[in-house]
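Each chain, written out:
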Amino acid sequence: MVKSLLLGTAAGLVAVAGAQAADMPVKAKPVQYVKICSLYGDGFYYIPGTDTCLKMGGYLRVQAEYNMGAGGVVVGSGTTEAPQGRFTRDLTNDFNYRTRGAISWDVRQQTEFGTLRTYIRFGAENTTPANSGAGTAFNPFWDRAFLQFAGFTVGRTQSFFDLFTYGGGMSYHNVRVSGDTGAAGITVWAYTAQFGNGISGSLSIEDPAGHNKANTVDLATGGFALNGVITADNAFQAQNAAANGFRNPDIIANLRMDQAWGFVGVSGAVHDASGAYYGTNNVINGHPADKMGWAVAAGGQLNLQGGDQIGANVCYTQGAVGFCTNANVWQIYNAGTSVGLAWAPDGVFDNVGAAGPTAIELTSVWSFLVGYQHIWSPQWRTSLFGGYVNVRFNQNATNLINQHLPTPATAPFVACGMPVLGVVSPPINVNHGEGNSCSPNFSFYEIGTRTQYNPTPQLDIGLEILYTHLNTAYKGLGVTAANGSQPPHNLVDDQNVWSAMLRWQRNFYP
């Protein structure tokens, strides 16, 4: 009996001990908290289990635009907004808007060759007049997707030709007096050498379609039309038109100095402005000799006391229009009285008339811009900015264009001193040229101001006011055909546009 009692007591103790052991908490694995990565500034964290740092960011932007559209393009300028320049009740939006959201990833890692960086930014937007606000439809977009390693930059980023612009930092609208690519980006293959003391030099091969390619025109088959149309005849036009390839890339070189006080730089570019074939594109027709355009620029920015900034840029090109201006077509109507028109291709050639098949005549453009921003307080800032673009055709190009003006109503059938032959372009009937400048040359300028309020550091609320003036091509007496609900006009004259934009933007990057 004693033996049974001892055995029963032992079994009970074992059972109790087992129950107590089962009730004890199991030791958990240590939690791996995300670590701050301080190597590259605020907002970076180590990806758990790696030596790679990541920063996530983005923004939400809502803007309302008066006499602008397509993301801040002034009405009458560019292929989207030129048709809106008719200023009629049925063909022009007084107001447009953009709602855009974007997210970004900045991934960096130290290697034996230096920092390996990958940056991606894309998003979705609804932008009028191209998109409808009805339903849930939206357009995807991307403007950055590049890799940097050992001095190389490859992918979609800003062109290495670009130096200073007031777009983005000092203004909201799509700047017309510069060929800057910052808003949309461009695909590049580039190498940058660092020479010390903030001095660097870069050589870049870039997609020509990203430089607002203005195209080369065969006046015998195409040319200039109303509503901002340029009918091009580039070599390898199919690739250029679809933006899915190119015959020759743009080649860019720059030299710049970056310091705490700001930066200064110079850049140059070589651009293929060759044509396809004379007349109807057929190999038996022959073609003009290949022609290379080029562009040069200089610019810089000074960082002043109190956070103020001032910058300027100047650009000159022959045959590479898109490097110096984002606006190569214009159409602005003034009620029912007059219209301003302008076209700027990279070059023109022809195969009709006494000159016969001609060489490509390159278009010359020069532009400059300047911007200043004053910081009133951490919450308030105001900027003033402006720029000018001048487009010129040499005399050979002017004669070629003029021989395609509409046929005069009476003999002799000569317009602006040239016998009229072939396809009509541009569509301005100047008769014999009486009372008309007989010149395709034009210029324009823009002047504006923006004031921005930041109630918190990462919320922008701002208003921009912009004035744009066009000094038209073919100024003077000239008949243009009916254009939608706009009747024929008898006067080609300078025009101006007042525009405004209200923007709210929440930035959520550190």
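Scroll up for the structure.
Being a predicted model, the structure only gives us computed values, none of them experimental.

## Digging into a nonpolar patch on the surface
Together, Leu147, Phe152, Val154, Trp189, Tyr191, Leu203, Ile205, Ile251, Val270 and Met292 make up a nonpolar patch on the protein surface, roughly 880 Å² of accessible area in all. Among the secondary structure elements, those contributing two or more residues to the nonpolar patch are β8 (152-157), β9 (186-196) and β10 (199-206). Relative to the helices and strands, leucine 203 resides in strand β10. Under the relative-accessibility criterion, leucine 203 is labelled exposed at 53%.

## So, the packing of aromatic side chains
According to the stated counting rule, one finds 18 aromatic pairs in the structure shown. Between the aromatic rings of tryptophan 105 and phenylalanine 122, the centroid separation amounts to 5.8 Å while the plane-to-plane angle is 25°, which identifies the pairing as stacked. Within this pair, whereas tryptophan 105 is found in strand β5 (residues 95-111), its partner phenylalanine 122 is found in strand β6 (residues 114-127), the two being separated by 17 residues in sequence. Linked through ring pairs, Trp366, Phe368 and Tyr388 together constitute an aromatic cluster. Sitting above the plane of the phenylalanine 141 ring, arginine 100 keeps its charged end 3.8 Å from the centroid. The lysine or arginine in question, arginine 156, covers the ring of tryptophan 142, its NZ or CZ lying 5.0 Å from the ring centre.

## What to know about the side chain of asparagine 96
Tracing the backbone through its elements, the reader meets asparagine 96 in strand β5. For asparagine 96, a relative accessible area of 3% gives the class buried. Among the polar contacts made by the side chain of asparagine 96, one reaches the main-chain carbonyl oxygen of methionine 68 at a distance of 2.8 Å.

## A look at the pairing of strand β19 (residues 338-343)
Side-chain positions along a regular strand alternate between the two faces of the sheet. Within β19, six of the six residues are buried, which leaves the element mostly enclosed by the surrounding structure. Taking every second residue as pointing to the same face, both faces of β19 are buried, with Ser338, Gly340 and Ala342 on one and Val339, Leu341 and Trp343 on the other. Judged from the six bridges that link them, strand β18 (residues 329-334) and β19 form a sheet pairing that is antiparallel. Across the sheet, tryptophan 330 pairs through a bridge with alanine 342, a residue of β19. Hairpin connection of β18 to β19: three residues between the antiparallel strands, including alanine 335 at a positive phi of 50°.

## Details of the nonpolar core
Counting 67 residues, the largest nonpolar core has Phe161, Tyr166, Trp330, Phe442 and Phe444 as the members making the most contacts within it. In this structure, phenylalanine 442 is in contact with Trp330, Ala342, Trp343, Ala344, Val389, Asn390, Val391, Arg392, Leu470, Asn471, Thr472 and Ala473, ignoring residues within four places of it in sequence. Tyr278, Phe349, Ile360 and Leu362 belong to the second-largest nonpolar core, a separate cluster that totals five residues.

## Remarks on the pairing of strand β17 (residues 309-318)
As paired elements, strand β16 (residues 292-303) and β17 share 10 bridges and run antiparallel to each other. Opposite asparagine 303, over in β17, you have glutamine 309 as the bridge partner. A loop of five residues connects β16 with β17, the two strands running antiparallel in sequence, and glycine 306 in this loop sits at a positive phi of about 80°. Bridge count between β17 and strand β22 (residues 364-377): 10 bridges; the pairing is antiparallel. The residue bridging alanine 312 from the neighbouring strand is valine 370, located in β22.

## Description of the state of the cysteines
Inspection of every chain in the model, using the stated rule, returns three disulfides. The disulfide that involves cysteine 37 links it to cysteine 53, with 2.1 Å between the sulfurs. Around the S-S axis, the bridge from cysteine 37 to cysteine 53 shows a dihedral of about 80° and counts as right-handed. Taken as a pair, cysteine 37 in the loop between α1 (2-23) and β1 (45-46) and cysteine 53 in strand β2 (residues 53-66) lie far apart in primary sequence, 16 residues in all. Neither residue differs from the other here; cysteine 37 and cysteine 53 are each classed as buried. A sulfur-sulfur separation of 2.0 Å characterises the disulfide bridge that pairs cysteine 315 with cysteine 324. The chirality of the disulfide connecting cysteine 315 with cysteine 324 is left-handed, given an S-S dihedral of about -75°.

## A word on empty space enclosed by the protein
Enumeration according to the criterion identifies two cavities of 30 Å³ or more in this entry. In this model, the largest cavity occupies a volume close to 110 Å³. In terms of lining residues, the largest cavity is bounded by 17 residues, among which Ser178, Gly179, Asp180, Asn313 and Phe323 are the most central. Split by residue class, the lining of the largest cavity holds 11 nonpolar, four polar and two charged.

Cut-offs and rules
Within each chain, residues carry numbers counting from 1 in the order of the written sequence. This being a predicted model, a pLDDT of at least 70 is required before a residue's local features are given, and a value of 80 or more before pairs of side-chain atoms are given or counted; all residues contribute to the totals for chains, interfaces and linings. To get the side-chain values, all heavy atoms of the structure are used, and hydrogens and water are removed first. What makes a patch is a set of residues exposed beyond 30% relative accessible area and free of salt bridges, joined within 9 Å when like-charged and within 5 Å when nonpolar (Val, Leu, Ile, Met, Phe, Trp, Tyr). Per-residue accessibility takes into account occlusion by the displayed protein chains alone, with areas from the Shrake-Rupley method and a 1.4 Å probe. Here, a salt bridge means any Lys or Arg side-chain nitrogen found within 4 Å of an Asp or Glu carboxyl oxygen. Each helix corresponds to a stretch of at least 4 residues labelled H or I by DSSP, and each strand to a stretch of at least 2 residues labelled E; elements are numbered beginning at the N terminus. Classification of residues uses two cut-offs on accessible area relative to the type maximum, computed with a 1.4 Å probe and protein chains only: under 20% is buried, over 50% is exposed, and between them is partly exposed. Pairs were defined over the aromatic rings of Phe, Tyr and Trp, the Trp ring being its six-membered one, requiring ring centres within 6.5 Å. Orientation was assigned from the angle between planes: stacked under 30 degrees, edge-to-face over 60, tilted for the rest. Two conditions define a charge sitting above a ring: the NZ of Lys or the CZ of Arg must be within 6 Å of the ring centre, and it must be within 35 degrees of the ring normal. In the analysis that follows, any N or O atom pair within 3.5 Å is treated as a polar contact, provided that within protein one partner can donate a hydrogen and the other can accept it, and provided that, for residues neighboring in sequence, both atoms belong to side chains. Whether two strands pair depends on DSSP finding at least two bridges between them. Nonpolar cores were defined as sets of buried Ala, Val, Leu, Ile, Met, Phe, Trp, Tyr and Cys residues, with membership established by side-chain atoms within 4.5 Å. Contacts are residue-level and defined by heavy atoms, with any inter-residue pair within 4.5 Å sufficient. Criterion for a disulfide: a pair of cysteine sulfur atoms within 2.5 Å. Residues are called lining when one of their atoms sits within 4 Å of a cavity or pocket point, these points coming from a 1 Å grid over the protein atoms alone, where a cavity is a set in which a 1.4 Å probe fits but cannot get out and a pocket is an open set with protein on both sides within 12 Å along at least five of seven lines. Grid points are joined across faces, edges and corners, and a volume is the space filled by probe spheres set on the points. Residues are grouped as follows: Ala, Val, Leu, Ile, Met, Phe, Trp, Tyr, Cys and Pro are nonpolar; Asp, Glu, Lys and Arg are charged; every other residue, Gly included, is polar.

Shape descriptors only; they carry no functional weight alone.
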